[in-house]
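# Coordinates in review
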Amino acid sequence: MKSLKINLEENADLGKLTELLIQIKGIKSVELINHDNDESDLKKAVNKSKEQLKSGDYESFVNDLFETFVNKKS
């Protein structure tokens, strides 16, 4: 898979840009990523798991882990 990175101005219309890009032949999907967010989803999940284990909340940890694997889409 190949990707294209586009840097946008603050006032860019993301909805219109997404609509425009998705109409171009060969573009499968458009994903908007905000790199201003300091903490990635993976880092948040790891930190949450650490806290659950530290506090002894093993049931929630196992449930979250199980849910991640069951809901994983191929």
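Model, not experiment: these values are computed from the prediction.

About the thresholds
- Per-chain numbering applies: the sequence of each chain, read as written, is numbered from 1 onward.
- Whole-chain, interface and lining totals are the exception, using all residues; otherwise, since this is a predicted model, local features are given only for residues with pLDDT of at least 70 and side-chain atom pairs are given and counted only at 80 or more.
- Excluded from the side-chain calculations are hydrogens and water; all other atoms, namely the structure's heavy atoms, are used.
- In this description a helix means any DSSP run of H or I spanning at least four residues, a strand means any run of E spanning at least two, and both kinds are numbered starting from the N terminus.
- For the area figures, the Shrake-Rupley method with a 1.4 Å probe applies, and any residue is considered shielded solely by the protein chains shown.
- Burial classes follow relative accessibility: with a 1.4 Å probe on protein chains only, a residue under 20% of its type's maximum area counts as buried, one over 50% as exposed, and anything between as partly exposed.
- Patch criteria: residues need more than 30% relative accessible area and no salt bridge. Like-charged residues are merged within 9 Å; nonpolar side chains of Val, Leu, Ile, Met, Phe, Trp and Tyr are merged within 5 Å.
- Here a salt bridge means any side-chain nitrogen of Lys or Arg lying within 4 Å of a carboxyl oxygen belonging to Asp or Glu.
- Cavities and pockets were defined on a 1 Å grid built from protein atoms only: a cavity is a group of points that admits a 1.4 Å probe but offers it no way out, a pocket is an open group of points flanked by protein on both sides within 12 Å along at least five of seven lines, and a lining residue is one with an atom within 4 Å of any such point.
- Grid points are joined across faces, edges and corners, and a volume is the space filled by probe spheres set on the points.
- Each residue is assigned to one of three groups, with Ala, Val, Leu, Ile, Met, Phe, Trp, Tyr, Cys and Pro labelled nonpolar, Asp, Glu, Lys and Arg labelled charged, and all others, Gly among them, labelled polar.

For the rest of this paragraph, the subject is the overall build of the chain. Check the secondary structure of the chain and you find three helices and zero strands. The order of helices and strands in the chain, counted from the N terminus, is α-α-α. Carbon and sulfur atoms provide 53% of the accessible area of the chain, an area that totals close to 7,500 Å².

So, about the environment of Gly15. Summarising the element assignment, Gly15 is placed in helix α1 (residues 14–22). Judged by relative accessible area, which is 39%, Gly15 ranks as partly exposed. For the pair Gly15 and Leu32, spaced 17 residues apart in sequence, the C-alpha separation works out to 9.9 Å.

All right, on to a nonpolar patch on the surface then. Among the surface-exposed residues, Leu4, Ile6, Leu8, Leu14 and Leu32 lie close enough to one another that they form a single nonpolar patch of about 480 Å² accessible area. Relative to the assigned elements, Ile6 resides in the segment before α1.

Counted under the stated rule, the structure contains two salt bridges. A salt bridge links Asp64 to Lys48; the shortest N-O distance between them is 3.2 Å. Here Asp64 is found in helix α3 (residues 58–70), whereas its partner Lys48 is found in helix α2 (residues 41–54), with 16 residues between them in sequence. Residue Asp64 is classed as partly exposed on the basis of its relative accessible area, which comes to 27%. Measuring nitrogen to oxygen at the nearest pair gives 4.0 Å for the salt bridge that ties Glu51 to Lys54.

Attention now moves to the layout of surface pockets. Put simply, the largest pocket is a space of about 1,100 Å³. In terms of lining, the largest pocket is formed by 25 residues, of which the most central are Leu4, Ile6, Glu31, Leu32 and Ile33. Partitioning the lining of the largest pocket into residue classes produces twelve nonpolar, six polar and seven charged. The space that makes up the second largest pocket amounts to roughly 200 Å³.

These figures come from the coordinates and say nothing about function on their own.
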